[in-house]
Amino acid sequence: MADVQSSAEPPVPLGSQEHGREINALAEFDRVAATGRLAGYRIRSLDLTDRTFALLATDTTDSVFLGCAMEPDAAVKVRAGGALVFPPAPGLAFDPYRGTLYTPDELFAGLLDAGYGATPDARTYRWYQETKATGDVVAGMLRSIHDDTVSDALDEYLAGARVVGVLGGHAMERGSAAYAGAATLGRRLGRTGLTIATGGGPGAMEAANLGAYAAPFEDTMLDEALDLLCTTPHFRPSVTAWASVAYEVLRNRPGGGSSIAMPTWCYGHEPPNAFATHIAKYFANALREEGLLARSNAGVVFLPGAAGTVQEVFDAATLNYYRSGSGPTPMVLVDRAYWTETLPAWPLLRTLATGHPMTARIALVDSVDDVPEALSHLASTATDPDDHR
């Protein structure tokens, strides 16, 4: 007798494109469940304790439930039906299965009432330090899942956007000319339609996010904000006081321009700033660093900074040197004296670029006033990475 092939479709492997469908809201869950088929969906961080009947009556083959609360009989059924279930992780200050980016209000919740130490941001950092010290494998898994879901949310938010990274040191104080210059740069770039992305911390990063926030307002708004912020120049000795003044700026002028911040709990001494409207915060600093640079498709601006900024300069240079990504990424270093004398990264960068296409992707300028023109020039003259293969 000839072999008879089954008419049933073969299972789709986990991780394939067909498994890209995600459900992050109860309304969407109800709509899909009403079809009788949740097969292949990712259901994320939903309270499904009132959806037991739907779960019992729906095909959950190859679906994945990430941190969803459900009744025990429903959990047994979906597992038996071929679903992969990651249970909720109680007692954490963060949701490892989240499907959206953070907001400043979420990370700083409780700041004004109980101080920074009581916020989800500070509590998550303490948890990270404790679990990192013990080497807890479950905690490591939760951190990895969290960072991956944050990356997914970031890609969804930035789809189609022209992103320029603005990087620099966290030591730059409010009230300084350098801080005001970085804020003015963020405002100017934001007004051209670019999405500003920073490392999300204080100093130069906060200033650039502040400038992007100020972009829709009249110029005097930024002047007033700078005057108010300089009353608390640094996040030391008190993150609470430093962040509280930022929230005073936000209360005075709500509804500013959007921007991205990408901080990390790896550097717990460096809190996130409140001026970025969307925050992709990571546990793994390497993911955060590479992710920021890779997503800065309209260029990267490097303001003066220390070791972290120098690392970012050469991380970006490596991407350009090997022509990674879909096209050239302009790099603009700001402050000629700083990058040629104080921390002479520019001579090494220029030597590295010699004879390679990245030569047309790098520039050194004297001040933030020169950045927009430099970015425009590099974007128009840089060669396509495929041209020299």
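Refer to the structure above for everything that follows.
Let me sum up the structure you'll find in this document. (Residues numbered from 1 in each chain as written. Predicted model: local features only at pLDDT ≥ 70, side-chain atom pairs only at ≥ 80, totals over all residues. Heavy atoms only, no water.)

1. Description of the overall build of the protein
Item 1. Across its full length, the protein carries 16 helices and 11 strands.
Item 2. Summarising its shape, the C-alpha atoms of the protein cover approximately 80 × 60 × 45 Å along the three principal directions.
Item 3. Among the 389 residues that make up the protein, the fraction classed as buried is 49%.
Item 4. Sequence-distant contacts, at least 24 apart, represent 62% of the contacts inside the protein between residues at least 6 apart.
Item 5. Within the structure as shown, the protein displays about 17600 Å² of accessible surface, and the carbon and sulfur contribution to it stands at 55%.
Item 6. Placing the 29 positive and 46 negative side-chain charges of the protein at their respective mean positions leaves the two points 1 Å apart. (Helix = DSSP H or I, 4+ residues; strand = E, 2+ residues; numbered from the N terminus. Buried < 20%, exposed > 50% of the residue type's maximum accessible area, 1.4 Å probe, protein only. Contact = heavy atoms within 4.5 Å. Areas by Shrake-Rupley, 256 points an atom, 1.4 Å probe, with all protein chains shown as cover. Lys, Arg positive; Asp, Glu negative; His and termini not counted. Charge placed at Lys NZ, Arg CZ, Asp CG, Glu CD.)

2. Brief notes about the sheet that holds strand 3 (residues 64-66)
Item 1. Read across the sheet, four strands follow the order 1-2-3-4 without closing on themselves; strand pairing throughout is parallel. Taken across any chain shown, the strands that pair with only one partner, and hence form the sheet edges, are strand 1 (22-23) and strand 4 (84-86).
Item 2. Strand direction decides the pairing type here: strand 2 (residues 42-44) and strand 3, joined by three bridges, are parallel. Counterpart to Ile43 in the pairing with strand 3 is Phe65. (Pairing = 2+ DSSP bridges.)

3. With respect to helix 12 (residues 285-295)
Item 1. Every buried residue belonging to helix 12 is among Asn285, Arg288, Glu289, Gly291, Leu292, Leu293 and Arg295, and all of these are buried.
Item 2. Those residues of helix 12 that are buried lie in contact with helix 7 (137-158), strand 5 (163-167), strand 6 (195-198), helix 9 (204-214), strand 9 (300-302) and helix 13 (307-321).

4. Details of the sheet that holds strand 8 (residues 278-279)
In a beta sheet, neighbouring strands are held together by backbone hydrogen bonds and run either parallel or antiparallel to one another.
Item 1. Spatial ordering of the open sheet is given by 8-7-6-5-9-10-11, a layout of seven strands whose pairing is parallel. Looking along the sheet, the strands with just one partner apiece sit at the ends: strand 8 and strand 11 (362-365).
Item 2. Sheet contacts for helix 9: strand 5, strand 6 and strand 7 (260-261); angle to strand 6, the most-contacted strand, approximately 160°.
Item 3. Against the sheet, helix 12 makes contact with strand 5, strand 6 and strand 9, and its axis sits at roughly 135° relative to strand 5, the strand it touches most. (Axes fitted to C-alpha atoms, helices over the stretch in contact; angles between N-to-C directions.)

5. Here's the deal with the nonpolar core
The nonpolar side chains of soluble globular proteins are, as a tendency, buried together.
Item 1. Within the largest apolar cluster, 50 residues are counted, with the highest numbers of intra-cluster contacts made by Leu210 and Leu303.
Item 2. At the level of secondary structure, the elements contributing two or more residues to this core comprise strand 5, helix 8 (177-191), helix 9, helix 10 (219-229), helix 11 (239-252), strand 10 (331-334), strand 11 and helix 16 (371-381).
Item 3. Apart from residues lying up to four places away in sequence, Leu210 is in contact with Tyr179, Ala183, Leu222, Ala225, Leu226, Leu229 and Phe275.
Item 4. Counting 41 residues, the second-largest nonpolar core is a separate cluster that includes Trp127, Ala139, Leu293 and Met331. (Core = buried A, V, L, I, M, F, W, Y, C linked by side-chain atoms within 4.5 Å.)

6. Brief notes about the pattern of salt bridges
Item 1. Considering all chains together, one arrives at 13 salt bridges under this definition.
Item 2. The salt bridge partner of Glu28 is Arg31, with a shortest N-O separation of 2.8 Å. Here Arg31 and Glu28 lie together in helix 1 (residues 26-33), a separation of three residues that amounts to about one turn. (Salt bridge = Lys/Arg side-chain N within 4 Å of Asp/Glu carboxyl O.)

7. Overview of the packing of aromatic side chains
Item 1. Under the counting rule described, the total for this entry stands at 14 aromatic pairs.
Item 2. On the numbers, 6.4 Å between centres and 55° between planes, the contact of Tyr213 with Phe275 is tilted. You can see Tyr213 sitting in helix 9 and its partner Phe275 sitting in the loop between strand 7 and strand 8, a full 62 residues away along the chain. Taken as a pair, Tyr213 and Phe275 share a single burial class, namely buried.
Item 3. Joined through ring pairs, the aromatic side chains of Phe94, Tyr102, Trp127, Tyr128, Trp265 and Phe283 make up one cluster.
Item 4. Sitting over the ring of Tyr41, Arg21 keeps its end group 4.3 Å from the ring centre.
Item 5. Looking at Arg98, its charged tip hangs above the ring of Tyr102, at a distance of 3.7 Å from the centre. (Phe/Tyr/Trp six-rings, centres within 6.5 Å; stacked < 30°, edge-to-face > 60°. Lys NZ or Arg CZ within 6 Å of the ring centre and 35° of its normal.)

8. Digging into unusual backbone geometry
Item 1. Each neighbour pair has its own omega, and for Arg236 with Pro237 the value is 10°, a cis peptide bond.
Item 2. The backbone phi angle of Ser45 is positive, close to 55°, even though this residue is not glycine.
Item 3. Residue classification places Ser45 among the partly exposed positions, given a relative accessible area of 27%.
Item 4. Phi at Asp335 takes a positive value of approximately 95°, unusual for a residue other than glycine.
Item 5. Here Asp335 shows up in the loop between strand 10 and helix 14 (336-342).

9. Focus: the side chain of Arg44
Item 1. Its place among the elements puts Arg44 in strand 2.
Item 2. Overall, the relative accessible area of 4% leaves Arg44 in the buried class.
Item 3. Those residues in contact with Arg44 that lie beyond four places of it in its chain are Glu22, Ile23, Asn24, Leu66, Cys68, Tyr97, Arg98, Gly99 and Thr149.

10. Section: the environment of Tyr322
Item 1. Inspection of the secondary structure puts Tyr322 in the loop between helix 13 and strand 10.
Item 2. The exposed category is assigned to Tyr322, whose relative accessible area is 58%.
Item 3. Remark: the alpha-carbon pair of Tyr322 and His356, spanning 34 residues in sequence, is separated by 9.1 Å.

11. A few points about the pairing of strand 5
Item 1. Burial runs high along strand 5: five of the five residues are buried.
Item 2. Here strand 5 pairs with strand 6 via three bridges, running parallel. Bridge pairing links Val164 to Ile196 in strand 6.
Item 3. Read from strand 5 through helix 8 to strand 6, the crossover connection turns out right-handed.
Item 4. Pairing between strand 5 and strand 9: three bridges, direction parallel. Across the sheet, the residue bridging to Gly165 is Val300, located in strand 9. (Right-handed = clockwise from strand over helix to strand, strands pointing away.)

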